[in-house]
There are 2 protein chains.
Amino acid sequence: MSSALQNDCFLRACLRQSTPHTPVWLMRQAGRYLPEYKATRVKAGNSFMGLATNPQFATDVTLQPLERFPLDAAILFSDILTVPDAMGLGLSFGAGEGPRFAHPVRDEAAVAALQAPDLDKLRYVFDAVRSIRQALLTTDAQGRRVGRVPLIGFSGSPWTLASYMVEGAGSDDYRLIKTMLYSRPDLMHRILDVNAQAVTAYLNAQIDAGAQAVMIFDSWGGVLADGAFQRFSLDYTRRVVAGLKREAEGARVPVIVFTKGGGAWLDDIAGCGADVVGLDWTVNLGAARQRVGHQVALQGNLDPSVLFAPPEAVAREGVAVLESFGRPQRADGGWDGHVFNLGHGISQHTPPEHVAALVEAVHAHSRRQRAPA
Amino acid sequence: MSSALQNDCFLRACLRQSTPHTPVWLMRQAGRYLPEYKATRVKAGNSFMGLATNPQFATDVTLQPLERFPLDAAILFSDILTVPDAMGLGLSFGAGEGPRFAHPVRDEAAVAALQAPDLDKLRYVFDAVRSIRQALLTTDAQGRRVGRVPLIGFSGSPWTLASYMVEGAGSDDYRLIKTMLYSRPDLMHRILDVNAQAVTAYLNAQIDAGAQAVMIFDSWGGVLADGAFQRFSLDYTRRVVAGLKREAEGARVPVIVFTKGGGAWLDDIAGCGADVVGLDWTVNLGAARQRVGHQVALQGNLDPSVLFAPPEAVAREGVAVLESFGRPQRADGGWDGHVFNLGHGISQHTPPEHVAALVEAVHAHSRRQRAPA
């Protein structure tokens, strides 16, 4: 497979290299706000996991947003809970409910029995990665076979997976896992240790299959107290990052770490070994760049709710995010990296034409920002 | 009524004056984790508003936690939604559900019709304040009638009230209010303007009735984007603070502002005119003190989930919060202020004996911290 890309802006921004515009992709860009997604989901028995476990369906929905919008990256269609499912916890999605595990990990015996999964049980994910890479191939102006944009693989962080594994479902107060954390930190650390091994192997297998960047979603790191976050979430994310293959097909594989609600710990997160730190919308992007922009690229951080507003307002707020980061060229001639994204997954209630307005505005304004003054 | 207090540690810490120990109270300290609260609630027709609107019941439940634990402050038992209810929005609490408004404020006509409420409709709140002050009276060692501890009054912030008023209920994504904010900022500002007037008058009436400190709960400020928070939440909180009576019964009335999830904006919030800034558990208390401890006292910030762990772990984590703040005496002989609290309301699943262990540990350790080295 050719590793050449028609559009490598995303990878270059992750590595803090020059780009003609600020690359943009959206968390959960393949999703329910697109009617074509819903149509494919019906074909898959109206089941989320029916989509995720079928490489052809996963490929189809991964490419759908790229047909509509000139996005600068594709992201594997999958779920963060595939790993605990492969550990035997029995994942299901009830109608109108979130995910649920039949066998949550709550006592000493369950913790002792926990093991990193046989990667063969996750083969459908790696098959999807290969299939998507094929589907992304196109012929460029010189007649070469190239990828349209890079493909991002992903996993939940060890802590975020653990919170689902212990709670057995989503939670408002994380009562069960926090009780374990403060009462039996030994059990908590054992779960996180297994998860870190599992996530490392899972992401490396995605890279082997063709993922050109990987993102670790620490979706629930932000519910932890200062101090507990560093010990129970970030330390294990750091361990995963340290174990990842950082080069494939002759190119650097950037690693993105995103802790929702993690703004308070920006300096700590920027030191975890990742190339890119994802930010939610509460963070001032310009201030974050001043603090850690010499060390990592930044990804984010438009409030997804902005997309409910009319296209003119969407464009204006997108431009405000670019202006907050500022011109990516530094005074010393080097470049800081910014990947435009939302600060959280796109809502199912988003009108697709508002997404078009956003992508257009980000591309157009970021080109203007780069023009000589 | 005598304004003398048996225990004025809380007020002194708010004003960054010396105290023999770090005062402690807990958000939602009168609540469902106490069996005696549930018993009183049954007497009130098993209704939250039945408790809140009856000054005798409100007095009884306000004092219940003080009978069990040597807390350093009492807080009025009430709800942040009393103000929009008095505006005629029709508050109800469905069984097993959160609050709901029959007449949410969603269009131009509803916004135009909105007015700050007649305070007479909130007389039950001011009656409760007076009744609680009476119930807090005791006879000290010199035979004087004094208050046991100070009474804190409170209100929701203009933004937090608006989020309920527009959404009509709790929300996961704040879709309706954020759509209004980004599409029709003029309507949003008009609601916030009315709310700021209403909250100012409401808190001043609580102070007139006997509240010795007041707290503004900006519970949902943290869902806003950087920039939007300052314009749509903090600016209106600042306006309320500027309009408050700061002296009553010959004493300073401290103002506490608490923005859940507001750690990123600590410097902005510390400049809003409040005496005390409340912090959730994601914030490093020592770092916050270094940044703004010369300007305001800090309140917080134990993760309420710590209280699910055994008493020894609760005590250890409480001590860790005190150690994070550090010895309140500064090297220059002055004092910085710390009011110990949780970073959010106490959970209904908390064992009361764990609260006893926490209060004991905070008092004992903070006395040791003050001892000459």
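Relevant structure appears above.
All figures in this text were calculated on a predicted structure; none of them were measured in a lab.

Participant: Help me understand the overall build of chain A, please; the structure alone is not making it clear to me.
Facilitator: When you go through chain A residue by residue, the secondary structure sums to 15 helices and 13 strands. What you see for chain A is a C-alpha radius of gyration of 20 Å, in line with the 21 Å of a compact globule of 373 residues. On the principal axes, the C-alpha backbone points of chain A span a range of 65 × 45 × 45 Å. Here chain A holds 373 residues, and 56% of them are scored as buried. Intrachain contacts of chain A at a sequence separation of at least 6 include 71% that bridge at least 24 residues.

Participant: Even after reading the chapter, I still don't get the interface of chain A and chain B, so can you show me in this structure?
Facilitator: The extent of an interface is frequently quoted as the accessible surface area lost upon association of the parts. Counting from both sides, the interface comprises 27 residues of chain A and, opposite them, 27 residues of chain B. Elements represented by at least two residues in the side of chain A that touches chain B include exactly α9 (175-183) and α14 (311-325) of chain A. Tallying contributions element by element places α9(A) first for the side of chain A that touches chain B, with five residues. Within the side of chain A that touches chain B, the residues separate by chemical class into eleven nonpolar, ten polar and six charged.

Participant: It is not clear to me how helix α11 (residues 228-242) of chain B should be interpreted in this structure. Could you clarify?
Facilitator: Residue pairs spaced three or four apart in an α-helix point in one direction, given the helix's 3.6 residues per turn. Residues and elements named next belong to chain B. Under the 1.5 Å per step criterion, the end-to-end length of α11 is 21 Å for 15 residues, consistent within 8% with the ideal 21 Å. The largest bend in α11 comes to about 35 degrees, at Leu234. Along α11, the residues that are buried comprise Ala228, Phe229, Phe232, Ser233, Leu234, Tyr236, Thr237, Val240 and Val241. Here the buried face of α11 lies against α8 (158-167), α9 (175-183), α10 (185-209), β7 (213-218), β10 (255-259) and α12 (266-270).

Participant: Explanation requested: the packing of helix α7 (residues 123-135) of chain B against α10(B) in the structure shown.
Facilitator: Packed helix pairs are specified by the crossing angle of their axes together with the interaxial distance, meaning the distance between the axes. Residue and element names in this part refer to chain B. At a minimum axis separation of 8 Å, α7 and α10 run at an interaxial angle of 30 degrees. Put simply, α7 runs roughly parallel to α10. The element α7 and its partner α10 pack so that their crossing is right-handed. The segment α7 lies against α10, with Val125, Phe126, Val129 and Arg130 engaging Ala205, Gln206 and Ala209. A class-by-class count of the residues in the contact of α7 with α10 yields five nonpolar, one polar and one charged.

Participant: Any chance you could explain the relation of the copies chain A and chain B here in plain terms?
Facilitator: Two copies of a chain can be linked by a rotation about an axis combined with a shift along that same axis. The transformation that overlays chain A on chain B combines an axial shift of 0.0 Å with a rotation of 180 degrees, and the residual RMSD is 0.0 Å. Such a turn and shift between the copies fits a two-fold axis. When each C-alpha of chain A is compared by its distance to the rotation axis, Ala264(A) comes out closest, at 3.1 Å. Both copies contact each other with a shared surface, as 100% of the interface residues of chain A are interface residues in chain B too.

Participant: I would appreciate a short explanation of the packing of helix α5 (residues 82-89) of chain A against helix α8 (residues 158-167) of chain A in the present structure.
Facilitator: Residues and elements named next belong to chain A. It is the contact of α5 with α8, at a shortest axis distance of 10 Å, that shows an interaxial angle of 45 degrees. Between α5 and α8, the angle is such that the two are oblique. Considering the relative orientation of α5 and α8, their crossing is right-handed. Residues Val83, Pro84 and Leu89 of α5 form the contact with α8, whose participating residues are Leu161, Tyr164 and Met165. Classifying every residue of the contact of α5 with α8 by side-chain character gives six nonpolar, no polar and no charged.

Participant: Quick question: what am I supposed to make of the sheet that holds strand β1 (residues 74-75) of chain B here?
Facilitator: Whether parallel or antiparallel, the strands of a sheet pair through hydrogen bonds between backbone atoms. Residues and elements named next belong to chain B. The seven strands lie next to each other as β1-β6-β7-β10-β11-β12-β13, forming an open sheet whose pairing is parallel. Every interior strand has two partners, whereas the edge strands, β1 and β13 (338-342), have only one. By the bridge criterion, five bridges tie β7 to β10 in an arrangement that is parallel. Paired with Phe217 across the bridge in β10 is Phe258.

Participant: Please explain unusual backbone geometry as it appears in this structure.
Facilitator: Excluding glycine, residues mostly have negative phi values, and the peptide bonds linking residues are mostly trans. Cis geometry is found at the peptide bond from Gly300(A) to Asn301(A), where omega equals -5 degrees. The phi dihedral of Arg16(A) is positive, around 60 degrees, even though this residue is not glycine. Among the secondary structure elements, Arg16(A) is positioned in the loop between α1 (9-14) and α2 (35-43). By C-beta crowding, Arg16(A) is classed as buried, having 23 other C-beta atoms within 10 Å. Look at Arg28(B): it is not a glycine, yet its phi comes out positive at around 60 degrees. Following the sequence through the fold, Arg28(B) ends up in the loop between α1 (9-14) and α2 (35-43).

Participant: Please explain the nonpolar core as it appears in this structure.
Facilitator: Residues Ile152(A) and Ile152(B) are the most contacted members of the largest nonpolar core, which totals 255 residues. With sequence-adjacent residues up to four places away left out, Ile152(B) is seen in contact with Ala73(B), Ala74(B), Ile75(B), Leu76(B), Ala211(B), Ala213(B), Val214(B) and Met215(B).

Participant: What is the right way to look at the environment of His189(A) in this model?
Facilitator: Residues and elements named next belong to chain A. Here His189 is to be found in helix α10 (residues 185-209). Taking the C-beta count within 10 Å as the criterion, His189 has 16 such neighbours and is therefore assigned partly exposed. Linking His189 and Phe229, residues 40 residues apart in sequence, is a C-alpha distance of 13 Å.

Participant: Please explain the pairing of β13(B) as it appears in this structure.
Facilitator: Each regular strand displays side chains that alternate between the two surfaces of the sheet. All names here are of chain B. A large share of β13 lies buried, amounting to five of its five residues. Alternating positions in β13 separate into two faces, His338, Phe340 and Leu342 on one and Val339 and Asn341 on the other, with burial throughout. Where strand β12 (residues 297-302) lies against β13, five bridges are found, and the strand directions are parallel. When the bridges of β13 are listed, Leu302 appears paired with Leu342. Traced from β12 through helix α14 (residues 311-325) to β13, the parallel crossover comes out right-handed.

Conventions adopted
- Residues numbered from 1 in each chain as written.
- Chains lettered and ligands numbered in written order.
- Predicted model: local features only at pLDDT ≥ 70, side-chain atom pairs only at ≥ 80, totals over all residues.
- Helix = DSSP H or I, 4+ residues; strand = E, 2+ residues; numbered from the N terminus.
- Rg over C-alpha atoms; globule rule 2.2 N^0.38 Å.
- Buried ≥ 20, exposed ≤ 12 C-beta atoms within 10 Å, placed from the backbone.
- Contact = placed C-beta atoms within 7 Å.
- Nonpolar A, V, L, I, M, F, W, Y, C, P; charged D, E, K, R; others polar.
- Expected span 1.5 Å × (residues − 1).
- Bend = angle between axes of the 7 residues up to and from the residue.
- Axes fitted to C-alpha atoms, helices over the stretch in contact; angles between N-to-C directions.
- Parallel < 35°, antiparallel > 145°, perpendicular 65-115°, else oblique.
- Left-handed = near helix turned anticlockwise from the far one by under 90°.
- Least-squares fit on C-alpha atoms with pLDDT ≥ 70 in both.
- Pairing = 2+ DSSP bridges.
- Core = buried A, V, L, I, M, F, W, Y, C linked by C-beta atoms within 7 Å.
- Right-handed = clockwise from strand over helix to strand, strands pointing away.

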